[in-house]
Each structure stands twice: as structure tokens, then as C-alpha cells.
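Structural overview
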Amino acid sequence: MTSSVPYPSDPPLDAHRCPDCGAGLPPGGAARCPACGLPLTGPLAARLWQVVTGLHAVEVQRASLLRARGELLVQLRALRGVPDAPLGGPAVAARAGEVSGRSAQTALLVLGGVLVSIAALVFTVVSWGRMGVGGRAAVLFCLTAAALAAPLVLRWRRLFATAETFAGIGVALLLLDGFSLQYLGVGGFGAVGGSDGVAYWAGVTAVVSVVSTLYGWVLRIGVPVFAGYLLGRLPLLLAAHAAGYGSLTGSAAAMAATAAVDFGLLRLATGRLARPDRPLPQGVVNLYGAVTLAWAGLAGALALRVSLAAGLGLAPVGGEGPVRASLGAWLPLVPLALLALAVSLPKGFPGLGPAGRRTAAQAAGAAAVVAGGGTLAALLPRGWGAVGFAVPAALLAVAGAARLRRGRFDGRVVPVGLLTVAGGVLFLTSAAALAQLLPGVVEPVTHWRAAWEGTRAVPWSRSVPGAALTALGLPVAAAVALRLLGLRGSATASAEAGLWAGAAFVLALLPVALGLPHPVVVGFATGLALVGGWFLAARPPLAAGVLVAGVLALVWALADRSCTVVVLALGAALAVALTVRGRPAPAVTAALAVALLGGEAAAVAVTAGLQRPDHLLAVLGVALATAPAAALLAARTDAAVARAVEFTGYGLAALALLLSADVPGRLSFELAVTGAAALGVGLREERRRSAPAVGVGLLVAASWIWLALLDVRAPEAYSLSPAAAALVFGHLRREVFRQEGLGSWGAYGPGLAAGLLPSLWALFPDGYWLRPLLLGAAALVVTVLGVRLRLQCPLLLGGGVLVLVAGHELAPTVVQVLGLLPRWVPLAAAGALLLALGATYEQRLRDARRLHGALRRLG
């Protein structure tokens, strides 16, 4: 047997001591042991520390196992005098079963109880006629008494599960006793069906529920208590049907009253009637609470159906009128609201957390909104149902906010729940109202084409439902009330922006609902935008309302030319004023001002009767005017504002040029004007690198379009202008701006290639003498300049073109001479040439190296 004592050479299993000598290490670590000098860093030391840590973990586990071993030995030694079990065997752990003993016992007891109950039912129904009256009563009552008395003995013998089963059988037999008594006609209830039978069973279920609950409560048996609790759902519901109130409203009211009684009983069971030494388990309380909640939810669903059907003008429920049906829905909804509100209170229901309390508060708010909304919607004219439900929701939101103002936003469960329900209802009513308002909002869009194409406009009018506008205005009014109550939260800015946007939308539609003329509607929306813009600097969230009003004004104004001109002019003036004031976003308002001025120019041109190219020229004029304006702004104000003006102008210019593509002559003119303006922009220091290139490109494009219109096909007409521009830019980059690392190929290569190569390509199919002459002369000049300036690109490119031109000119003569010579002469000449090259190969290599060095020095 191995000893458990470590060897003397074993290292100490402590990370704070030296693995070799066991001396203590400094708290911050050390490169070597201060006692023995053992290295403690490096790969080998790291591996050693891993081994020490592993050994320490093994020792900890070993100590734990030894401690468990000692405890088990102590327990087994105490059982030495106890006799062995009948089916004893070796001390080996038995294999665990898939079902525990308690579960198997419960399954057997439940199955047995169900079978016994079914047998009793079959006996009562089938075998009843074979016995006399005394025998029948004696059998049933004896069985019931035996079943209810058995738990007393079983509990004394500590057979609690069996006692629960027999108690359940006893409750089932009590119901069968009631069926037997009804069958015998006891108390005058001889009919199994009909109202008398329903009333009889209401009484039976009430008696059995009370008896079963008291029986289980006294004996501390759970099954009869829960059975009585479940049977307690039926007495009031059956009594309502027996009394002639079997409609949805009556059933919902009876169910709501039952839920209220259940809540009171739960409060008593967990409060005054609870035993301090044996309180009810929280799981049992939760189970009963779930039953009560489900019953109350079913009652609320029935009442909700009645209220919605009556309030929204659907078919009357149960033959009642809408108003009467909606008022009847108050009977179940009010108790449900009060019950849910009581549950949501801090001491309303034991063990209910904040989430459950918030849900209860939401249920209370929903019941209140449905009750009030259904009645109000039934009283209002048809089509105003959304308003009926939005009014109590808005009031509920205001009430919740008023309560919430007294505490933190997340510290009041009930107000948050009420606000959540109110917000959900207002969202639904607003969505329904918005769907009805949308056709009236977009109606002017259908008249844009007739207004701007010059066709005869058809008279038109529009309207929006007043009920929908009112339903949409109620959330806005509730939001205003919330702001006045001082509600603060993390989303205050966004909430205020949404408030102003909704208010602007509702107010802009108000003249439409009143049936005012279209210009008045557009003017009112424009006035809203101007007034909001005036106060925008003091209250930035107003920007959302200004944006909504402005967009609506512009969309509606486009259905009329005069309205469009006025709205665009006022919008541009507002944007300029906001830009000058510098708040809230001057760059955005500056870009908006430029865009609106471009639209204004086009609208004025169309209204004046000008043609479409002239409309685009007016827009281009506004775009070109932004260049000097941006230069002035860059010198006097913020650079961001100047950039916004400048680049918005570029966008307008690009749009105007793109829309002019189908008129080539006007497009050429506009390109030339834009190119000249771009060259002017190039005078600014920060635009010297990009603007001239853009300007020259636009001018070249303008010249190409003009040449194409004149049916000019010579390539030189198209290539010389960009070639000249490229040479000028290359010279400026190389000689004036002194760009580092720029050689002759980068500076002059693009320009020379653009000027020489197109003509060289057109040279071969051309049989005329003028192009070779001019091209050769140009190539000669370029070559001479390359030699004179010692530049590689002009020398090689000009020389190459010159050689090709010379070859083109000498080719006919060479062909003619070759045709006169004998056929062996070219072969002999080629052989002699190869011999000469081979004999002077080394010399030519030296000459090639010298030429390469000379060319490199030129570069």
C-alpha cells in the first residue's frame, strides 16, 4: 500500500514559494529564488510552474476524497448492529431507475382514483335502475363517507399520497351524489336540463366547492382544496345562466365576480388565515393565482368582444343595442380593472415581482380603456369609434404621467404599466386614423402632371375625415399634457421631436377637414413652417415639425404653379435666414436654400412660358451663382456652410446637364459655360488642383458635341484640344508646381499621345498627302524639343512617330523597287545583313548600352 506522506524530495505545492527549496517569494514575483538562486522565468520555469499548479489541484482533490471517505466510514460503522435488508447484496450502488419512486406512486394513485371515479359514475348511470331508492342512497352515501373518512386513517399511518387520492375520490362522489339527488327529484329539481337544472347545479357546485375546500383545509390535504377551488368557477356562472343572464355580458360579469372572490380568498389564505408555523408554499400560491388569472382573462376577453362589437358599430351582441351592450360591458370590466389594480399594488399579491405587477397594471388600464372607450364609441356617430377609444387612452396616459411625476421613471410600476397600455391604444388608433387620412394627404400628387404640362386642369377638391383627424390629434394632445406635467426621461428630445411632427401634421390637415380652398391649405401649411422656423433657434426639436409642415406645403403646392412659386420662395428665404442665424444646422439649411432656389428658378421659368431647355438653363444659372457665393462664405463664415453651398450647386449643375442630354446644341453651350465657370473656380487656392482639370474637360466635351453637330470627322479636331490641355497641365505640374518624382512620361506622355497617335492611326487608310506632311512636321518638332530639352518622352515618342510616318511614305516606293528586282536578291540581302550583324554583335551590344545610358540621362 502506497504511503500518503510526500517524499522529502517532493516540491512544496505553493505558488508563492520556491519549487525547489520552499523559501517564500516576494509578492511581485522574482526572476530567481532569493534563497537558492533557482531561475523562475523562461520556458523551463513556466513548464515547472504548470506542473506545480497541477499537483496542487490533485492534492486538493485527494484531500476532499479522503474527507468524504472518512465520513462514509463513520456512517457505516454506526450501522454494524442493524440487520441486513431481505434483498441484500454486495455493497454496490444500484442502477438508478428512469422514474423515481415518488413519481411511480403518484402515477399509480392518480390512475387508481380515476378508475374508481369512472366505475362509480358507470354504476350510478347504468346500474341505478336495478336497485331500490333506499339501496341507491345507501350505496352512494356509504361510498362517499368511506372515501372521505379514509384520509383520516391514512394520514395517521403517514400515507399522505394515498390520503390525497381518496380525498379526490370523495369529492368526485359528492358530485355523483348531487346527480343522484337530482335524478330522484329532491327539492323539486326533477329535470336534468332546463333552467331548473342549471340552478340546481349552481347550488350543488357551490355546496361541493365549499365542503371540499373546508374539508381539505382542516385536514391539510391539497387535492380537495384545489378541487373545491376549481369548482368555485361554476356557481356564479351557472346562476347567471339560470337567472336569464346567459349572454356574453352576463357570463363575463359572473366570471369577473368569481375572480374577485378568488382574489379575496387568496389574500385571506396567505394573510390572516395563514399559520405562521406552516405557511402555504409559494408554488401553491402561484398555482391558485394562475387559475384566478386565467379565469379573469377569459372574462376580460368576453367583455372586450362585447365592448368592441358595440363601440365599433358591429352587429348588436345578444339582441341588445350598441349603447346598452357597451354599458353592460362595464359590469365585468370595472371589477376586473379594480382587481388588476389591487394586484399591481406593492402589497396586493404576495410573491408577485415588478414584472407581474406591471402586467397587472397594464390589465387594469386595458379594462378601463375598453370600458370607457366602448361606451363613448357607441354614443358617438358611426365612424368615430377610434375617437371613442382614444379619449380614455389619452386620459389614462395623463393620469399615469401625473402619478409618475412623483417618482423616478423606473421606480413606479403602476404608472409605467398604465402608460404602456395607453401608448399602445393610442398607437393603434393613430395607425387606423392615419390610414384614413393618407388618401387626402396624397391627393394633390395626382394633379402634378396636369399642373406642369400645360394641359387644362380638371377642377378637383379633397377632404379628410374629421373623425380620423380627431383620433390622430388626441395622442398629440396627450403628449402636450405629458410635457406640461414635466415628464422627463432618457428619450425627451426624440419624444419632443415626435410631438412637434405630429402637431404639425394635424394642424396642416385642419384646413382640409374644414373644406377650405387649396391655396388657403397650402398657405396655412407654409405659415406653420415659417412660424416654426422662426422659433427653431430657441427650440431645436421644432425642426421635426418644421420639416413635416414644409414637406406637406411643398407636396401640396406642386399641384398649382402659383402656389409652387410662392412656397419655394418663402422656403428659400427661411433657409437663408436660418443659415445666417447659424442654428440649428447652418450647413443643412444652406444646402436646402440652394436646392429651393434651383427649384424656384425652374418654377418661374415654367410659369413664364419658356421652353424646357430654358428651364434647365435657369437652374444652371443658380448652380453657377453658388461658386462665387461659396467663395465669399469661405472667407467670411464657416467653411462647412461654404462647402454645402458649393457642392449643392455642383449637384444642381450636374442635374441640369443630365436633363439637357437630349438637346445636343444646348448641352454643348451649357457645358462650355460650366467649363468656363469651373476655370474661374480654379482661381481659388484650395481648388487649383481639381477645378481647372474639370473645367478643361467640360470645355473639351462642349467642343466635341459642337464638332459632332457640324459633322466633322477628322480625328485631329477632337484630339488636339485635349492634347493641348494635357500638355499645359503637365508643364504646370512639372515646371511651375515642381511636383516631386514626376518624369517626362507622366508630364507630357498623355498630351503627346493624345495629339499624335489618333493622327497616326488615321494616316494609313488616308491617301492624301497633307496629313503625313503635318504629322511628320509635328513629330520632328517634338523630337527636336526632346533633344534640346533632354527629355526622354518627347524624343522617343516623336522619333517613333516620325519613323512610322517615313515608313508610311517610303513603303510604296520600296514595294515598287522590290517588284523590279530578281527574287534571289532579297534573300541574298537578308543573308548578308545577318552575317554583318553576327560579325559586329559585340560592338552593337556596346553601342546599345551607351544608347540606353544616354536615354536614361535624358529622363
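Residues numbered from 1 in each chain as written. Predicted model: local features only at pLDDT ≥ 70, side-chain atom pairs only at ≥ 80, totals over all residues. Heavy atoms only, no water.

**Considerations on the overall build of the protein**
Along the backbone of the protein there are 31 helices and zero strands. When burial is assessed residue by residue, the protein has 34% of its 859 residues classed as buried. Restricting the contact set of the protein to residue pairs at least 6 apart, pairs at least 24 apart contribute 63%. Accessible area for the protein stands at about 48800 Å²; split by element, carbon and sulfur atoms hold 70% of it. (Helix = DSSP H or I, 4+ residues; strand = E, 2+ residues; numbered from the N terminus. Buried < 20%, exposed > 50% of the residue type's maximum accessible area, 1.4 Å probe, protein only. Contact = heavy atoms within 4.5 Å. Areas by Shrake-Rupley, 256 points an atom, 1.4 Å probe, with all protein chains shown as cover.)

**Section: the environment of alanine 30**
As for its position among the elements, alanine 30 is in the segment before α1 (43-78). The spacing of alanine 30 and leucine 40 is 10 residues in sequence and 7.0 Å in space, taken between C-alpha atoms. Setting aside anything within four residues of it in sequence, one finds alanine 30 in contact with Leu40 and Thr41.

**A look at the packing of aromatic side chains**
Under the definition given, this model contains two aromatic pairs. Arranged with centres 5.8 Å apart and planes meeting at 80°, the rings of tyrosine 200 and tryptophan 201 form a pair that is edge-to-face. Taking the relative accessible area as the measure of exposure, tryptophan 201 reaches 22% and is therefore partly exposed. Look at phenylalanine 647 and tyrosine 650: their rings are 5.5 Å apart centre to centre, the planes differ by 90°, and that puts the pair in the edge-to-face class. (Phe/Tyr/Trp six-rings, centres within 6.5 Å; stacked < 30°, edge-to-face > 60°.)

**Some details on helix α22 (residues 612-636)**
Spanning 25 residues, α22 covers 37 Å between terminal C-alpha atoms, matching the ideal 36 Å at 1.5 Å per step. Of all bends in α22, the biggest is about 25°, found at alanine 627, and the proline proline 628 comes one to four residues later. The secondary structure elements touched by the buried residues of α22 are α21 (586-607), α23 (639-659) and α24 (664-681). (Expected span 1.5 Å × (residues − 1). Bend = angle between axes of the 7 residues up to and from the residue.)

**Considerations on the confidence of the model for the protein**
Summarising the model, the protein shows a mean pLDDT of 76, and 75% of its residues fall at 70 or more. Low pLDDT, under 50, characterises residues 87-102; the stretch is placed with one contact to residues that sit more than four places away or in other chains. In the model, residues 189-193 has pLDDT below 50 throughout and makes nine contacts with residues more than four positions away in sequence or in other chains. (pLDDT = per-residue confidence, 0-100.)

**Considering the side chain of serine 209**
Following the sequence through the fold, serine 209 ends up in helix α5 (residues 194-219). Looking at serine 209, its side chain comes within polar contact range of the main-chain oxygen of glycine 228, at 2.6 Å. Among residues more than four places away in sequence, those in contact with serine 209 are Gly228, Leu231 and Gly232. (Polar contact = N/O pair within 3.5 Å; in protein donor to acceptor, adjacent residues only side chain to side chain.)

**Structural notes on the nonpolar core**
Formed by 47 residues in total, the largest nonpolar core has its most connected members in Leu437, Phe505, Leu509 and Trp556. Elements with a minimum of two residues in this core: α12 (354-379), α13 (385-404), α14 (413-442), α16 (466-484), α17 (492-513), α18 (518-534), α19 (542-557) and α20 (561-581). Broken down by element, this core gets its largest block of residues, 11 residues, from α14. Residue contacts for phenylalanine 505: discarding those within four places in its chain leaves Leu434, Leu437, Val441, Leu472, Val548 and Leu552. Of all hydrophobic cores here, the second largest spans 14 residues; its members include Leu237, Ala254, Trp295 and Ala299. (Core = buried A, V, L, I, M, F, W, Y, C linked by side-chain atoms within 4.5 Å.)

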